Amino acid sequence: MPAARVRLDDETFLLVLTGAGVSAESGVPTFRSGGGLWENHPLEQVATPQGFEADPRLVWRFYSERRAQAAQCEPNPGHVALQALEERLGERLLLVTQNVDGLHRRAGSRRLIEIHGSLFATRCARCQRAPFADDSQVTATLPECELCAASGRRALLRPAVVWFGELLDPEHLRAIESFIARGRRRRLVFLAVGTSGAVYPAAGLVDNARAAGGETFLVNADPADNLHRFHHFVQGQSGHVLPTLFEFSGPTQRA
Ligand code: OAD
């Protein structure tokens, strides 16, 4: 049984933020630990618009490999536990993930915001067309935007992930704010799982939740950079901790 448990009742609005640690037990590499992605791939080269401009082939090779790797991974008991919560809480749950691996979706989560985009989507580097589903491997020819081509411009397609220096989708931020505002009027709980608390604005959500009177929990293998902002810390592997973390009081039916 975990050191602290998250109590959920019929008033609870639960905002969950996940990071790479949630997928670690599925075999998806994290970013900042020893052997993490940013150790072997300078993020300036593969996770910035400037890196893409300088060497789009290198960037596409990196994301093609990550697509192939993530496609071979399966959701673990941590993803499954969060999906089961959605069944129970309905609209009183919002899952915000920084992960681009698609594993929450594959576990069945639908009340889900992928704030850093998706490995399995592609968009134009130039025009505002909506991202489209895409799991292709880009090896030789760099893909170009056919909508731009139709109006006589050349533009490359790029992975629909958010890179450093880019803004998050304002609609996503609005949806999160509005969820917190609803929780503020009832009982708000914030839970961060498997994230080092190093990348903003995600790492600041704990502060937004606290400002709205929320009770805050962190489940992580190691103390996160923003650990001191949390009321409770459960140290451990998310696939092990999450299945027994929640304690229900009352029927906790859909809001
Ligand atoms: P990090 O790699 O920074 O942190 C992962 C955290 O998960 C670490 O604190 C680990 O201790 C913890 N961890 C590892 N295995 C775990 C497990 N099985 N259970 C629980 N915790 C575990 O990854 P993120 O915080 O997700 O952004 O990184 C945030 C963002 O930085 C990413 O979305 C990405 C990256 O640069 C972009 O690419 C825009």
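Anything mentioned here points back to the structure above.
Conventions we followed
- Residues numbered from 1 in each chain as written.
- Predicted model: local features only at pLDDT ≥ 70, side-chain atom pairs only at ≥ 80, totals over all residues.
- Heavy atoms only, no water.
- Pairing = 2+ DSSP bridges.
- Helix = DSSP H or I, 4+ residues; strand = E, 2+ residues; numbered from the N terminus.
- Contact = heavy atoms within 4.5 Å.
- Axes fitted to C-alpha atoms, helices over the stretch in contact; angles between N-to-C directions.
- Phe/Tyr/Trp six-rings, centres within 6.5 Å; stacked < 30°, edge-to-face > 60°.
- Buried < 20%, exposed > 50% of the residue type's maximum accessible area, 1.4 Å probe, protein only.
- Expected span 1.5 Å × (residues − 1).
- Arc of directions from axis to C-beta.
- Polar contact = N/O pair within 3.5 Å; in protein donor to acceptor, adjacent residues only side chain to side chain.
- Near = heavy atom within 4 Å.
- Core = buried A, V, L, I, M, F, W, Y, C linked by side-chain atoms within 4.5 Å.

A. Seen up close, the sheet that holds strand β5 (residues 117-124). The strand order β6-β5-β7 describes an open sheet built from three strands, whose pairing is antiparallel. At either margin of the open sheet sits one strand with a lone partner, and together these are β6 (132-133) and β7 (157-161). As paired strands, β5 and β6 are joined by two bridges and run antiparallel to one another. Residue pairing in the sheet places Ala 121 in a bridge with Ala 133 of β6. Each of β5 and β7 touches helix α5 (residues 56-72); the most contacted strand, β5, lies at about 140° to it.

B. Spatial organisation of the packing of aromatic side chains. In this structure the tally under the stated criterion is eight aromatic pairs. Ring centres 5.6 Å apart and planes at 40° place the aromatic pair Phe 52 and Trp 163 in the tilted group. In this pair, Phe 52 sits in helix α4 (residues 49-54) while Trp 163 sits in the loop between β7 and α9 (170-185), placing the two residues 111 residues apart along the sequence. For the pair Phe 52 and Trp 163, a shared accessibility class is recorded, and that class is buried. Consider the rings of Phe 62 and Tyr 63, whose centres lie 4.9 Å apart with planes at 85°: the pair is edge-to-face. The buried category is assigned to Tyr 63, whose relative accessible area is 2%. Chaining the aromatic ring pairs together yields one cluster made of Phe 31, Trp 38, Phe 52, Phe 62, Tyr 63, Trp 163 and Phe 164.

C. Summary view of α9. Taking 1.5 Å of rise per residue, the 16 residues of α9 would be expected to cover 22 Å, and the 23 Å separating its terminal C-alpha atoms lies within 8% of that figure. Ile 176, Phe 179, Ile 180 and Gly 183 are the residues of α9 that are buried. Axial view of α9: buried residues confined to an arc of 100°, hence all on one face. Turned more than 90 degrees off the buried face of α9, the exposed positions are Glu 171, Arg 174, Glu 177, Arg 184 and Arg 185. Elements in contact with the buried residues of α9: β2 (12-18), β3 (93-97), β4 (112-114), β8 (187-193) and α10 (205-211).

D. Geometry of the side chain of Thr 12. Position of Thr 12 relative to the elements: it lies in strand β2. Here the side chain of Thr 12 touches Asp 9 through a polar contact of 2.8 Å, side chain to side chain. Within the local environment of Thr 12, its side chain forms a polar contact with the side chain of Arg 187, the two groups lying 2.7 Å apart. Not counting the four nearest positions on each side in its chain, Thr 12 is found in contact with Arg 7, Arg 92, Arg 187 and Val 189.

E. Focus on the site of the ligand. Neighbouring the ligand are 23 residues, the closest being Phe 31, Arg 32, Thr 195, Ser 196 and Asp 222. One of the side-chain nitrogen or oxygen atoms of His 116 is found 2.8 Å away from an oxygen atom of the ligand. The separation between a nitrogen atom of the ligand and a polar side-chain atom of Gln 237 is 3.1 Å.

F. Region of the structure containing the environment of Ala 71. Relative to the helices and strands, Ala 71 is located in helix α5. Overall, the relative accessible area of 46% leaves Ala 71 in the partly exposed class. Separated by 78 residues in the primary sequence, Ala 71 and Ala 149 place their C-alpha atoms 30 Å from one another. Apart from the residues within four sequence positions on either side, Ala 71 is in contact with Arg 106 and Phe 120.

G. Here's a closer look at the nonpolar core. Grouped together as the largest cluster of nonpolar side chains are 23 residues, with contacts concentrated most on Leu 14, Val 16, Leu 191, Leu 242, Leu 245 and Phe 246. Elements with a contribution of two residues or more to this core: β1 (6-8), β2, α6 (77-89), β3, β8 and β9 (215-220). Top element by residues in this core is α6. It accounts for four residues. Every residue in contact with Val 16, bar those within four places of it in the chain, is listed here: Leu 82, Leu 93, Leu 94, Leu 95, Val 96, Leu 191 and Val 193. Membership of the second largest hydrophobic core comes to 22 residues, among which are Ile 115, Ile 180, Leu 188 and Leu 205.

H. Structural context of the sheet that holds β8. Here we have six strands laid out as an open sheet, ordered β4-β3-β2-β8-β9-β10, and parallel in their pairing. The open sheet terminates on both sides in strands that have one partner only, identified here as β4 and β10 (232-235). Averaged over neighbouring strand pairs, the angle between their axes works out to 15° when direction is ignored. Packed onto the sheet, α6 meets β2 and β3 and runs at close to 150° relative to β3. Sitting on the sheet, α9 is in contact with β2, β3, β4 and β8, with an inclination near 145° to β2.

Remember, this is a structural readout, not a statement about activity or role.
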